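Working through the structure, step by step
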Amino acid sequence: MNAQMWAGVRERVQALAGTPGAVQVFGMHGHGFELEEPLTPEELASLEERLGLRLPEDYREFLLRVGAGGAGPAYGVFPVQRGEDGEWEWDGDGGDMASLDRMAEPFPVDRAEEALAAHESECPDEDDFDNPGAYDAAYEAWDERDPLRSDDLTVGAICLCHRGCALRQWLVVSGPDRGRMWDDRRADGIDLQPMSNADGSPMTFADWYLNWLEEAERQVRATVATR
C-alpha cells in the first residue's frame, strides 16, 4: 500500500517545475520542484542501522521511490544524505537539530506545560533592578533556562522542513506518536504541537506531502486557467 501511494509522485512533482504558474506556490524558490535521487535499499538500511530503528513506512517508501528530499511543503523536505565526515544528516535550516544518537528514544507526547508555566513565572521584572545591566544579565540567564530550548523535547523525531522565521515541522519516528507530523513554533514561544488533517485525524508524512502536492497542482491549474 505504501509503495502504491507513491507511484507517479516523483513525475508529478517534476512536471510542476516547468509549468506556468509554478512560481505562485509558496516555497517554490527554495526547492524549484527539484528532487534528490532516491536512496538505494542499501543506503536506507545503513541509515536505519545508524538511527537504531525502522523509519515510518510511508517516509521510508518516499525515500526509496520519490527522493531523499527536495521539493515539498514550505521550503522543501530536508534531504537526508551523508556529510563530508560520512555521517548521515538532514541538510537544511534546522536539520541538525535532530539528535541521531537519541532517535530511538520515545518522542515525548506529554509536553512541558508545567515547566513552561513555572519558567514564565520566574521572568525577571525590570522594576526589581537598580540598573539596566543587572536586569539584562538576569534576563539572559532566565532565557537560557527556557524549557523550549531543551533537546529533550525533540528526541525520537526528525526535523524535515522549515517554513521561514525559524518555524519548522518534524516527523516523529519513535514512541506512541510514531509516524505523525508535529509543528514547531518555539520561535514564537509555543511548544511543538501535533498536526492534524481537516477531518481531525493525525497527519502522517504521506498526508503532509501528498496534501501539499495536490494543493500545488490546484494552484498551478488555477493560475493557468486565468491566463
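What comes next is a walk through the structure. (Residues numbered from 1 in each chain as written. Predicted model: local features only at pLDDT ≥ 70, side-chain atom pairs only at ≥ 80, totals over all residues. Heavy atoms only, no water.)

Glancing now at the sheet that holds strand E5 (residues 181-185). Taken in spatial order, the four strands make up an open sheet running E3-E4-E5-E6, and their pairing is antiparallel. Strands with a single pairing partner mark the edges of an open sheet, and in this sheet they are strand E3 (157-164) and strand E6 (190-194). Each neighbouring strand pair of the sheet contributes to a mean axis angle of 25°, computed without reference to strand direction. Of the pairings in the sheet, the one linking E3 to strand E4 (residues 167-172) comprises six bridges and is antiparallel in character. Bridge assignment links Ala157 to a residue of E4, and that residue is Val172. (Pairing = 2+ DSSP bridges. Helix = DSSP H or I, 4+ residues; strand = E, 2+ residues; numbered from the N terminus. Axes fitted to C-alpha atoms, helices over the stretch in contact; angles between N-to-C directions.)

The next point concerns the packing of aromatic side chains. Under the criterion given, the structure shown has 13 aromatic pairs. Arranged with centres 5.0 Å apart and planes meeting at 65°, the rings of Tyr59 and Phe205 form a pair that is edge-to-face. Of the two residues, Tyr59 is situated in helix H5 (residues 57-65) and Phe205 in helix H8 (residues 205-225); the sequence distance between them amounts to 146 residues. In this structure, Tyr59 and Phe205 share a single accessibility class: buried. Between the aromatic rings of Phe62 and Phe205, the centroid separation amounts to 5.1 Å while the plane-to-plane angle is 70°, which identifies the pairing as edge-to-face. With Phe62 in helix H5 and Phe205 in helix H8, this residue pair connects regions lying 143 residues apart in the sequence. As far as the burial class goes, Phe62 and Phe205 line up, both buried. Put simply, the rings of Trp6, Phe33, Tyr59, Phe62, Phe205, Trp208, Tyr209 and Trp212 pair up and form one aromatic cluster. (Phe/Tyr/Trp six-rings, centres within 6.5 Å; stacked < 30°, edge-to-face > 60°. Buried < 20%, exposed > 50% of the residue type's maximum accessible area, 1.4 Å probe, protein only.)

Below, the discussion takes up the environment of Glu37. One can find Glu37 in the loop between helix H3 (28-31) and helix H4 (41-51). Here the alpha-carbon distance between Glu37 and Leu64, two residues 27 residues apart in the chain, equals 8.8 Å. In contact with Glu37, not counting residues within four places along its chain, are Arg10, Gly67 and Ala68. Reaching out from Glu37, the side chain makes a polar contact with the side chain of Arg10 at a distance of 3.3 Å. (Contact = heavy atoms within 4.5 Å. Polar contact = N/O pair within 3.5 Å; in protein donor to acceptor, adjacent residues only side chain to side chain.)

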